[in-house]
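Residue-level listing of the chains:
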Amino acid sequence: MALRAARSVRVTASSLWAAVATETPGSLASLPAAPARIRVRLGPGSLPFPRAGASRGLCTSALRFAVRKFTDKHEWISTENGIGTVGISNFAQEALGDVVYCSLPEVGTKLNKQDEFGALESVKAASELYSPLTGEVTEINVALAEDPGLVNKSCYEDGWLIKMTLSNPSELDELMSEDAYERYIKSIED
Amino acid sequence: MQRIRNSAWGLLDLLCAGAAGVRSGRPTATRRPLSSGQEPLKKTPLFDFHQSHGGKMVPFAGWSLPVQYRDSHLESHLHTRRHCSLFDVSHMLQTKIFGKDRVKLMESLVVSDIAELKPNQGTLTLFTNEEGGIIDDLIVTNTSDDYLYVVSNAGCREKDMALMQNKVSELKSAGCDVNLEVINNALIALQGPSAAQVLQAGVADDLRKLTFMTSAMMDVFGIPGCRVTRCGYTGEDGVEISVPAEKAIHLAEVLLENKEVKLAGLAARDSLRLEAGLCLYGNDIDEHTTPVEGSLSWTLGKRRRAAMDFPGAAIVIPQMKGRLARKRVGLTSTGAPIRQHSLIMNTEGAVIGEITSGCPSPCLKKNVAMGYVDGGYSKIGTPLLVEVRKKQQEAVVSKMPFVPTRYYTSK
């Protein structure tokens, strides 16, 4: 059985227990107000203004807005200057529970839309991650090696998973808007 | 316990009712609990209590049980090791075997020396079949009230009942005096270093005298007719309290008034037992595993080994000498957690076994697992490889329990 050349990020022993050490206060992510650093270039399917009633930590400053699209597998992607940032939704992190280990791909990995690119592990189970779009991994969130609980605490901000190029930006149109995703969650609940 | 594979966010399906309930404030009772077989799930006497305390209910062995409450899995697990937790284990089957020939009946089905049990002493034992395979693991207690008190797994309820009842009929036709009765009590486990102190406040008996694997009838917080057994499934000191069903909620509420006590569900129960090196029937042992393969030779009674008079003895006893094709071992690793069904390989990459249970250990800063390996690889310290999502992780055969147990053995 040949060893695969690709390796996921090695997680040091201390990182598993960041969740324990920090004693995540509860399963609901409380989203901190993020600095006004993101400018989103308007592309197809994106929205030029903050969504009214969008309570997922979107700062109401007119200069700062993040356009987020969602997959039916509960990942989100937001784009800036042709780079997409990928994470999991609040609904997903709540259901998953405390993340104790993040298995992420190497920088340079080429992904097709819906390719499995890693997994998030809770004590109980592993949940695979699927690429929302086709592209190449440009960066992974190394903070998760020390503090995998960031995925729970800040799933839309500090708990981002990977950044990737967009080989085919029109794939964004196939994803759900935040409103559509909210409706989708409701349909699962009922 | 289920391992979620193949479906993305399969865990989500399991918990979405609970998560939705938490988000919207809607009680999960609005969803009628159904098992995968579409029969309604059985409810324990504490079902309403779980829901009112924020329990996320899931199907388990045909029952609707809480997988966790408002605290996270990690918090619940650690609370049990530091303080104590209350678990509803009423799904397990409790039976009473009585009559002059009760020991004869029990010994015809299990591997242990039941006749040698002192009054009020219990033991973990195994039902075995004619091939030496384990039908179930269970605790049998020789009560001082002329009956054997038997607690066995919920998932094996029907086959255990059939096994015991058939044997009752068989012995009765041969003129024996033996009978069986199901005890329809609730069963509440209180586990952790402060469990005994919490319980002592509600019982007149001196719990310092109730040592590990002994049992007694007593009034508990004013409820008569309770059986308290010093045993559990976490590796900690603790008790299981068999309480009349109509008083179960009252007892749970009284126990919860003590701030040492928090509720814990199936998730914490599984990670606790795994750290303690305890088998889960269906995962780590089954009808295709013998006690020797399962590293449970200690359950084989000394007299029974010599007499070779338990079911499957002719196959099991010879296994105690010589090399085994498969043996249950503990494994530890760092990196990606090891889970059930992962393949185990030797350092050359040849497949030599499979993982049967695994999780990241909340206490130990590493991953713990159990699995079966070719007997030649079962020595403590043997380096092995485990395949995790197409990558090979290093693991090492390790002693169990992984976390030292703290049973109250009175020394």
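What counts and what doesn't
Residues numbered from 1 in each chain as written. Chains lettered and ligands numbered in written order. Predicted model: local features only at pLDDT ≥ 70, side-chain atom pairs only at ≥ 80, totals over all residues. Heavy atoms only, no water. Helix = DSSP H or I, 4+ residues; strand = E, 2+ residues; numbered from the N terminus. Rg over C-alpha atoms; globule rule 2.2 N^0.38 Å. Buried < 20%, exposed > 50% of the residue type's maximum accessible area, 1.4 Å probe, protein only. Axes fitted to C-alpha atoms, helices over the stretch in contact; angles between N-to-C directions. Parallel < 35°, antiparallel > 145°, perpendicular 65-115°, else oblique. Left-handed = near helix turned anticlockwise from the far one by under 90°. Contact = heavy atoms within 4.5 Å. Nonpolar A, V, L, I, M, F, W, Y, C, P; charged D, E, K, R; others polar. UniProt positions renumbered as here; feature names shortened; annotations may be inferred. Polar contact = N/O pair within 3.5 Å; in protein donor to acceptor, adjacent residues only side chain to side chain.

**As for the overall build of chain B**
Helix and strand counts for chain B stand at ten helices and 20 strands. Against the 2.2 N^0.38 benchmark of 22 Å for 411 residues, chain B shows a C-alpha radius of gyration of 21 Å, consistent with a compact globule. Projected onto the principal axes, the alpha-carbon positions of chain B cover approximately 60 × 60 × 45 Å. Per-residue burial for chain B yields a buried fraction of 59% across its 411 residues.

**A closer look at the packing of helix 3 (residues 73-82) of chain B against helix 8 (residues 266-275) of chain B**
Residues and elements named next belong to chain B. The geometry of helix 3 relative to helix 8 is characterised by a closest axis approach of 9 Å and an angle of 55 degrees between their N-to-C directions. Judged by the angle between their axes, helix 3 and helix 8 are oblique. For the element pair helix 3 and helix 8, the recorded crossing hand is right-handed. Contacts from His73, Ser76, His77, Thr80 and Arg81 in helix 3 reach Ala267, Ala268, Ser271, Leu272 and Glu275 in helix 8. Tallied by class, residues from the contact of helix 3 with helix 8 come to three nonpolar, five polar and two charged.

**Describing the UniProt feature "domain: Lipoyl-binding" (unreviewed entry) in chain A**
When the UniProt feature table is mapped onto this chain numbering, "domain: Lipoyl-binding" (unreviewed entry) sits at residues 83-165 of chain A. Along residues 83-165 of chain A the backbone is 18% helical and 39% strand, and the end-to-end C-alpha distance reaches 5 Å.

**Overview of the packing of helix 4 (residues 102-109) of chain B against helix 5 (residues 157-173) of chain B**
All names here are of chain B. In the contact formed by helix 4 and helix 5, the axes pass within 10 Å of each other and the chain directions differ by 130 degrees. With respect to each other, helix 4 and helix 5 are oriented oblique. Where helix 4 crosses over helix 5, the handedness of that crossing is right-handed. Here Lys104, Leu105, Ser108 and Leu109 of helix 4 lie close against helix 5, whose contacting residues are Leu163, Met164, Lys167, Val168 and Leu171. In terms of residue class, the contact of helix 4 with helix 5 is built from six nonpolar, one polar and two charged.

**Side note on the environment of Tyr69(B)**
All names here are of chain B. Relative to the elements of secondary structure, Tyr69 occurs in the loop between strand 3 (63-68) and helix 3. Put simply, Tyr69 and Leu385 are 316 residues apart on the chain and 36 Å apart in space, counted from C-alpha to C-alpha. Beyond its immediate chain neighbours, meaning those up to four positions away, Tyr69 contacts His50, His53, Gly54, Gly55, Lys56, Leu263, Ala264 and Gly265. There is a polar contact of 2.7 Å between the side chain of Tyr69 and the side chain of His50.

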